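A closer look at the structure
Below are the chains, spelled out letter by letter.
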Amino acid sequence: MLSVSGDEPTPQQMWIDERRRHALARFDDRIPALYRETIDLPQAAADWADGTPGAPASLFLTGNIGVGKTHTAWHTARRWLDRQYRHGRPGSPTVQTWRSTQLFDALRPEGDNPRAVTHAAQTCGLLYLDDLAAARVSPTGWTQERLYEIFDERYTSQLPVLITCDVLPAKLADIVGDRVASRLAEMCRGGIHLMRGADRRLAGAA
Ligand SMILES: Nc1ncnc2c1ncn2[C@@H]1O[C@H](COP(=O)(O)OP(=O)(O)OP(=O)(O)O)[C@@H](O)[C@H]1O
Ligand SMILES: [Mg+2]
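From a predicted model like this one, the values you see are computed outputs, not experimental measurements.

With that settled, the discussion passes to the pattern of salt bridges. The tally for this structure, following the rule as stated, stands at eleven salt bridges. In this structure, R115 and E149 form a salt bridge, with 3.2 Å as the shortest nitrogen-oxygen distance. Placement of R115 in helix 5 (residues 114-123) and of E149 in helix 6 (residues 141-157) is noted, with a sequence separation of 34 residues between them. Judged by relative accessible area, which is 21%, E149 ranks as partly exposed. The salt bridge involving D152 is made with R183; its shortest N-O contact spans 2.9 Å. Of this pair, D152 sits in helix 6 while R183 sits in helix 8 (residues 178-187), placing them 31 residues apart in sequence.

Turning to helix 2 (residues 43-50), a few remarks are in order. When helix 2 is considered as a whole, its buried residues turn out to be A45, A46, W48 and A49. Buried residues of helix 2 fall within an arc of 165° about the axis and therefore sit on the same side. Just beyond helix 2, the residue with positive phi is G51, at close to 65°.

Tracing the backbone through its elements, the reader meets T164 in strand 4 (residues 161-165). Separated by 2.5 Å, the side chains of T164 and D130 make a polar contact. A distance of 2.7 Å separates a polar atom in the side chain of T164 from the backbone nitrogen of D131. Residues within four places of T164 in sequence aside, it is in contact with L61, K69, T70, A73, Y128, L129, D130, D131 and L132.

On to the environment of T38. One can find T38 in the loop between helix 1 (11-30) and helix 2. Expressed as a C-alpha distance, the spacing of T38 and Q84, which sit 46 residues apart in the sequence, is 19 Å.

So, on to the environment of T10. Position of T10 among the secondary structure elements: in the segment before helix 1. Counting along the chain gives 116 residues from T10 to L126, while the straight-line C-alpha distance between them is 29 Å.

This structure, assessed with the given rule, holds two aromatic pairs. Taken together, a centroid distance of 5.7 Å and an interplanar angle of 55° make the contact between F27 and W74 tilted. Of this pair, F27 sits in helix 1 while W74 sits in helix 3 (residues 69-86), and the two are 47 residues apart along the sequence. Both residues of the pair, F27 and W74, belong to the buried class. Through successive ring pairs, a cluster of aromatic residues spans F27, W74 and Y128.

The strand order 2-3-4-1-5 describes an open sheet built from five strands, whose pairing is parallel. With one partner strand each, in any of the chains shown, strand 2 (95-99) and strand 5 (192-195) form the two edges of the open sheet. Ignoring which end each strand starts from, the neighbouring axes of this sheet average 15° apart. In this structure, strand 3 (residues 126-130) lies alongside strand 4, joined through three bridges in parallel fashion. Paired with L129 across the two strands is I163, which belongs to strand 4. Helix 2 contacts strand 1 (59-63), strand 3, strand 4 and strand 5 of the sheet and is inclined by roughly 165° relative to strand 1. Those strands touched by helix 6 are strand 3 and strand 4, and its axis lies near 140° from that of strand 3.

The next thing to look at is the site of ligand 1. In the vicinity of ligand 1, 14 residues are found, and the nearest of them are Y35, K69, T70, H71 and R201. In this structure, an oxygen atom belonging to ligand 1 sits 3.2 Å away from a main-chain N or O atom of V67. In this structure, an oxygen atom belonging to ligand 1 sits 2.7 Å away from a side-chain N or O atom of K69. Bound to the protein, ligand 1 loses 80% of the 630 Å² it would expose on its own. Elements that contribute at least two residues to the shell around ligand 1 include exactly helix 3 and helix 9 (200-205). Take the shell around ligand 1: its biggest share by element is three residues, from helix 3.

The rules behind these values
Residues numbered from 1 in each chain as written. Chains lettered and ligands numbered in written order. Predicted model: local features only at pLDDT ≥ 70, side-chain atom pairs only at ≥ 80, totals over all residues. Heavy atoms only, no water. Salt bridge = Lys/Arg side-chain N within 4 Å of Asp/Glu carboxyl O. Helix = DSSP H or I, 4+ residues; strand = E, 2+ residues; numbered from the N terminus. Buried < 20%, exposed > 50% of the residue type's maximum accessible area, 1.4 Å probe, protein only. Arc of directions from axis to C-beta. Polar contact = N/O pair within 3.5 Å; in protein donor to acceptor, adjacent residues only side chain to side chain. Contact = heavy atoms within 4.5 Å. Phe/Tyr/Trp six-rings, centres within 6.5 Å; stacked < 30°, edge-to-face > 60°. Pairing = 2+ DSSP bridges. Axes fitted to C-alpha atoms, helices over the stretch in contact; angles between N-to-C directions. Near = heavy atom within 4 Å. Areas by Shrake-Rupley, 256 points an atom, 1.4 Å probe, with all protein chains shown as cover.

As far as function goes, none of this settles anything; it's purely spatial.
This is the structure in structure tokens:
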């Protein structure tokens, strides 16, 4: 949307750019310091964030401990947000980020407001769940039910999720329940990206 002369952005374009810069700055503030450094993204993650034709609906980053899943996911989510603004999506795209253990806690009946947490996770533009198998123990039936509500709503509304996890969706049923695992498998079809390599933490210690 350039002006008649072709070299000046229009006021509307400047306003959109300003909103985008503001949203990205707020997102950057949420990235833990450890993960702020810009990194090269795997092609699969970049394609997903960019909405490249043929890219999957959701992205599931898997791989061994310390390979870089969480760092990659933060910057993939940032790139996703950037694209939403660049493509002039209506409204203000939102990204919710949760460590899965914290989400499971927040969804418990005695949590602050599990209904509000559920609703926000159901409706945000992108839900990024880090380390989905971290707990290694099944949340309670009540929590699994809330998790089901979240995934069922996102599945039905075709809203994306970005997951990091060191086990594959097919192995997640014990943790998230059969119905969530089933939906996840479909949402992430074609979008399971295995990150290979050594534990970067150990490399740093060498
Ligand atoms: N592409 C990268 N380039 C440089 N450093 C990286 C890169 N990816 C991750 N790191 C660094 O490697 C370390 C481990 O990364 P990260 O925490 O993302 O791993 P992880 O796969 O999520 O591990 P875990 O399975 O234990 O959750 C961190 O210090 C992170 O900043
Ligand atoms: Mg991690």
